[in-house]
Amino acid sequence: MQPSAPSRPWGLAPVLFLLLAALHTAAAQKNGINIYSLSVDSKVSSRFAHTVVTSRVVNRASVMQEATFQVELPKRAFITNFSMVIGGVTYPGNIKEKAAAQEQYSAAVARGESAGLVKASGRKTEQFQVSVSVAPAAKVTFELVYEELLKRCLGAYELLLKVQPQQLVKHLQMDIHIFEPQGISFLETESTFMTNELADALTVSQNKTKAHIQFKPTLSQQMSPGQQDTVLDGNFIVRYDVHRTISGGSIQIESGYFVHYFAPKGLPTIPKNVIFVIDKSGSMSGRKIEQTQEALIKILDDLSPNDQFNLVSFSGEAAQWKPLLVPASAENVNQARSYAASIQTQGGTNINDAVLLAARLLDSANQKELLPEGSASLIILLTDGDPTMGETNPARIQKNVKEAIDGQYSLFCLGFGFDVSLAFLEKLALDNGGLTRRIYEDSDSTLQLQDFYQEVANPLLTAVTFEYPSNAVEEVSRDNFRLLFKGSEIVVAGKLRDQSPDVLSAKVRGQLRVQNITFQTESSVAEQENEFQNPKYIFHSFMERLWAYLTIQQLLEQMISASDAEKQALETRALNLSLHYSFVTPLTSMVVTKPEGKEWSEVAEKPVETKNKHKNFYLGGPLSRFRTAGDRRSRITAGPSGKTPSDLGRAGPQGPLNPPHPYPLMAGKSRLPDMLLESAKTASPPGTSAAVPAAIQAPAVILMLPRQSVDRLCVDIKHSQGPMNLLSDPDQGVEVTAQYETEKARFSWIEVTFKNPQLQVRAIPEHVVVTRNRRNSAYKWKEMLFSVIPGVKLTMDKAGLLLLSSPDRVTIGLLPWDGPGEGLRLLLRDTHRFSSRVGGTLGQFYQDVLWGPPAAADDSKRMLRVQGLEYSATRLLKLDYQEGSPGTEISCWSVEL
């Protein structure tokens, strides 16, 4: 089996993803091992992150016990140091060439132990774990250091931290320092464990170039209400971007090294010619092909009218949708959507013929001069398996494809699931100017496909090359790139000559649609050196380490597609850099010696993905939690802020209705009085069963109506065709649309769109998708969320209530309702903030509403007039879903639309 190559620097999102060092909760209770201090210090200097995780533990038991230190770090990160301090003695990790560490590795295997201290643990993470015996009353300090260059993806850098200490920690502190000389353009945070009380432990400060995020919860803030468990169990995310100019270049210099960041602002998108190559073999049947079809249909809608496209589907044979590429007109896109929806799965997997057919289609269009001048041509292959038909030898397929594409087009490979050989696809893509991504089989596979497409959907430049004066620059990382995409960034790093000029200049050349373009940038060496001297928020010589990190990553990439002769030279250079800068890479290992004896050593190696889905893979469920003795998982029992669902941002005070409730309220709920039930019984004909009142339903929407004679209105939708504009308020910059299924009496989706910031929240029964800057984030219902985006705050509690709020806007809530009349529900608060221009199916009721008096013959009926339309309102019992399941019975005026 051929192992896959090391993780690539183009991860699905650029991530700093660490797991706070954790010790098992039950272990702490049973054997006395206690974490008394846990800290994370992450310094991000010009996108390069240096992170130190320190855990201090004590054995409070009367006998020797085992303590386990466990951290999750990004797959793209390199461990640079690990040490244990026990009884005043430091036990360091020593980084060696793999061959030199083989003896310790083999010895550990011979003892029947897991020789690797690092294992793949998630989509983007690796898990470092080491255990050590601790004497009674003894203390141990664990410290892990790792480094990573953050990649810009879809317009943002992202630091994602997994907070999961698994026990209460007396001193728990997380500090993130960000320094960006270009200036920070936006900064936002998100958490899946934060409550209003815990939010008080979070402080965020920011000026033009610096930001400091600190999270320092007290013991009481960490504690679950009524429990001794911790509520800290989830993700903490920081996203940011920097200011950019039209020239797009920023050269930064420190300690004789430079880094050049290139992401020009305001460039038009280049038209693209794209062929989607879709595997329809038998193994794609079921949910895989359904998700592929869903994603493809959405992707087709996102094509620009200036783009051209075609589809190739394949199993044992390959077939094209159209004989030629066609423009992405509305008619062609609609036809392609129908074709995609009709794809049926069967047969084997003939990757060779499918990709060669795609290349021939582009060749034919090129020969007929049908490809627009300056356009970019892409082939996007999606497959879930190894080649089983036609040419099945991976090396020959790679050779055939490389010859067919001949450097003219870029090939991107998406490997669906774990039966696919990622190493084979990686070489296939890297040989042809593209990249490979694994698509994880999960409920969000459709979004993974869409997000990948968004990364490559908007090419800005082709044939990008960087030039530096030979008298100034001695050594430089990769300096030519086939494509630059919108929302990404190209990074070049290098070493200055000892006698370099006072000003470093650079030229970046590229191809726009119909012309060549050159960007020029200059940077003063002395000014730049001075800017990085403050020791408080950066770590020094980071730019040299950034250059080494970037160079090693690029050398490892080049090794995948290099010839045997070239590969040895590349490996030697990457190994020497890894050893010199103490990076644990696929070419080096870190030997950790334990205090039990010098012969007792373990080895930390950079893991590589295998094809066996049972080995060290994330299979789509939640990230693994730490297990305790007896495999008892830590319990997370607290709701947000320790409150009941009714405490958490539901609709405002429910004042007395007008007219009064027709039945008495008992224990906070209305009940049908006994006399009504008795009346139902006596009304039944002799010999028949007593009539049972129909179940009280929740209305489609409950509207809170401030400053009106009726404070709330229950709305049921009986007639709906197609998407509905529920609310639209241009002054508030918000719009709510939805699709209502009248036969099921529920919303199939609800979508909330904000203009500033540009944000879209789409709710379906399975999950919520938040889209910002073309980036999709999916959240399952009843999964905690606390996101602060400039201008909007998103929170979701354990009951599943998602609130979208800001100080000067109407608060919009979305809720999955599983009571009677199940389905999605909409909530509105602070409705007095609607402007006079609010409209829509529901928005009309926030205009001037005129209520007529109760009907003389039946005082449970009234008329209301709004914007020239009349509606009949009836006093009915309804379930108020705003207080959460099972709902509270209320009497309200109900209208049907």
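Chemist: It is not clear to me how the overall build of the protein chain should be interpreted in this structure. Could you clarify?
Modeler: For the protein chain, the helix and strand inventory stands at 14 helices and 51 strands. Looking at the protein chain residue by residue over its 897 residues, the buried ones come to 58%. Accessible area for the protein chain stands at about 36,400 Å²; split by element, carbon and sulfur atoms hold 50% of it.

Chemist: Would you explain the nonpolar core in this entry?
Modeler: Across soluble globular proteins, you tend to see nonpolar side chains buried next to one another. Formed by 68 residues in total, the largest nonpolar core has its most connected members in Leu703, Phe747, Val761 and Phe845. Ignoring anything within four residues of it in the chain, the contact list for Leu703 reads Asp711, Arg712, Leu713, Val715, Leu828, Leu842, Phe845 and Tyr846. In terms of nonpolar packing, the next biggest core, distinct from the first, is built from 61 residues, Leu73, Val140, Phe142 and Val169 among them.

Chemist: Please clarify how the packing of aromatic side chains should be interpreted in this entry.
Modeler: What describes a pair of aromatic rings is the distance from one ring centre to the other and the angle between the planes of the rings. In this structure the tally under the stated criterion is 32 aromatic pairs. The interplanar angle of 15 degrees and the centroid separation of 6.5 Å between the aromatic rings of Phe215 and Phe236 together place this pair among those described as stacked. One end of the pair, Phe215, is in strand E14 (residues 210-215); the other, Phe236, is in strand E15 (residues 234-242), with 21 residues separating them in the sequence. Both residues of the pair, Phe215 and Phe236, belong to the buried class. For the pair Phe466 and Phe481, a centre-to-centre distance of 6.0 Å together with 80 degrees between the ring planes defines the contact as edge-to-face. Of this pair, Phe466 sits in strand E25 (residues 459-467) while Phe481 is found in strand E27 (residues 480-485), placing the two residues 15 residues apart along the sequence. The pair formed by Phe466 and Phe481 is uniform in burial state, with each residue classed as buried. Three or more aromatic residues joined by ring pairs make a cluster, and in this case those are Phe48, Phe78, Phe179, Tyr257, Phe532, Phe539, Phe542, Trp547, Tyr549, Tyr581 and Phe583. The side chain of Lys139 reaches across the aromatic face of Tyr36, ending 5.1 Å from its centre.

Chemist: Would you mind going over unusual backbone geometry with me for this structure?
Modeler: Most peptide bonds are trans, and most residues other than glycine sit at a negative phi. A cis amide bond, omega 0 degrees, links Asn756 with the succeeding residue Pro757. Examined against the element boundaries, Pro757 turns out to sit in the loop between strand E39 (746-754) and strand E40 (759-763). In this structure, Ser46 is a non-glycine residue whose phi angle is positive, near 50 degrees. In this fold, Ser46 is placed in the loop between strand E2 (33-45) and strand E3 (48-59). Positive phi outside glycine occurs at Gln867, with the angle close to 50 degrees.

Chemist: What is the right way to look at the sheet that holds E25 in this model?
Modeler: Strand pairing in a sheet takes place through backbone hydrogen bonds and is either antiparallel or parallel in direction. Here four strands make up an open sheet; going across it, the order is E27-E25-E29-E30 and the pairing antiparallel. This sheet does not close on itself; its edge strands, each paired only once, are E27 and strand E30 (516-524). Each neighbouring strand pair of the sheet contributes to a mean axis angle of 30 degrees, computed without reference to strand direction. In this sheet, E27 lies alongside E25 in antiparallel orientation, the contact comprising five bridges. Bridging from a neighbouring strand, Leu461 pairs with Leu484 of E27.

Chemist: I would appreciate a short explanation of the packing of helix H12 (residues 542-561) against helix H13 (residues 564-580) in the present structure.
Modeler: When two helices pack together, their arrangement is captured by the angle between the axes and the distance separating the axes. Here H12 crosses H13 at 155 degrees, and the two axes come no closer than 9 Å. Taken together, the axes of H12 and H13 are roughly antiparallel relative to one another. Considering the relative orientation of H12 and H13, their crossing is left-handed. Two secondary-structure elements touch here, H12 through Trp547, Thr551, Ile552, Leu555, Gln558 and Met559 and H13 through Lys567, Leu570, Glu571, Arg573, Ala574, Leu577 and Ser578.

Chemist: Looking at this model, I keep getting lost on helix H8 (residues 394-405). Mind explaining?
Modeler: For an α-helix the count is 3.6 residues per turn, leaving residues at separations of three or four pointing the same way. Between its first and last C-alpha, H8 extends 16 Å over 12 residues, near the 16 Å set by a 1.5 Å rise per residue. Where H8 is buried, its residues meet helix H7 (351-367), strand E22 (376-383), strand E23 (410-416) and helix H9 (422-430). For H8, the side-chain oxygen to backbone nitrogen distance between the N-cap and Ala395 is 2.9 Å, and the N-cap itself is Asn393. Where H8 ends, the next residue or the one after it, Asp406, has phi of about 50 degrees, a positive value.

Chemist: I would appreciate a short explanation of the environment of Arg833 in the present structure.
Modeler: Tracing the chain through its elements places Arg833 in the loop between strand E47 (823-829) and strand E48 (849-851). Overall, Arg833 belongs to the partly exposed group, its relative accessible area being 27%. Between the alpha carbons of Arg833 and Gln732 there is a distance of 8.3 Å; along the sequence they are 101 residues apart.

Chemist: Whenever I open this one, the environment of Val476 confuses me. Can you help?
Modeler: Structurally, Val476 is set in strand E26 (residues 473-476). In contact with Val476, other than residues within four places in its own chain, are Phe258, Tyr468, Val492, Ala493 and Gly494.

Chemist: For this particular structure, what's the right way to read the side chain of Thr54?
Modeler: By the secondary structure assignment, Thr54 is in strand E3. On the accessibility criterion, Thr54 (6% relative accessible area) is buried. The contacts of Thr54, once residues within four sequence positions are left out, are Ser37, Leu38, Ser39, Thr141, Phe142 and Glu143.

Chemist: Hey, could you run me through helix H6 (residues 330-341) in this one?
Modeler: A rise of 1.5 Å per residue sets the reference length of H6, with its 12 residues, at 16 Å; its end C-alpha atoms lie 17 Å apart and thus fit the reference within 8%. Within H6, the full set of buried residues consists of Asn332, Val333, Ala336 and Ala340. Mapping the buried residues of H6 onto a view down its axis gives an arc of 95 degrees, with all of them on the same face. Facing away from the buried side of H6, by more than 90 degrees, are the exposed residues Ala330, Glu331 and Ser338.

Chemist: Whenever I open this one, the pairing of strand E43 (residues 785-789) confuses me. Can you help?
Modeler: Within a regular strand, side chains alternate between the sheet's two faces. The element E43 is largely enclosed, with a buried count of four among its five residues. Here strand E12 (residues 184-191) pairs with E43 via three bridges, running antiparallel. Paired with Thr189 across the two strands is Val788, which belongs to E43. As judged from the five bridges shared by E43 and strand E44 (residues 792-796), these two strands associate in the antiparallel manner. Across the sheet, Val788 pairs through a bridge with Lys793, a residue of E44.

Chemist: How should I be thinking about the environment of Met724 in this particular structure?
Modeler: Looking at the element boundaries, Met724 is found in strand E37 (residues 724-729). By relative accessible area, which is 10% here, Met724 ends up buried. Through-space distance from the C-alpha of Met724 to that of Tyr740 is 7.7 Å; in sequence the pair is 16 residues apart. Excluding anything up to four places from it in sequence, Met724 contacts Ile717, Val736, Thr737, Ala738, Tyr740 and Thr841.

Basis of the calculations
- Residues numbered from 1 in each chain as written.
- Predicted model: local features only at pLDDT ≥ 70, side-chain atom pairs only at ≥ 80, totals over all residues.
- Heavy atoms only, no water.
- Helix = DSSP H or I, 4+ residues; strand = E, 2+ residues; numbered from the N terminus.
- Buried < 20%, exposed > 50% of the residue type's maximum accessible area, 1.4 Å probe, protein only.
- Areas by Shrake-Rupley, 256 points an atom, 1.4 Å probe, with all protein chains shown as cover.
- Core = buried A, V, L, I, M, F, W, Y, C linked by side-chain atoms within 4.5 Å.
- Contact = heavy atoms within 4.5 Å.
- Phe/Tyr/Trp six-rings, centres within 6.5 Å; stacked < 30°, edge-to-face > 60°.
- Lys NZ or Arg CZ within 6 Å of the ring centre and 35° of its normal.
- Pairing = 2+ DSSP bridges.
- Axes fitted to C-alpha atoms, helices over the stretch in contact; angles between N-to-C directions.
- Parallel < 35°, antiparallel > 145°, perpendicular 65-115°, else oblique.
- Left-handed = near helix turned anticlockwise from the far one by under 90°.
- Expected span 1.5 Å × (residues − 1).
- Polar contact = N/O pair within 3.5 Å; in protein donor to acceptor, adjacent residues only side chain to side chain.
- Arc of directions from axis to C-beta.

In short, the description is geometric, and any link to function would need to be established separately.
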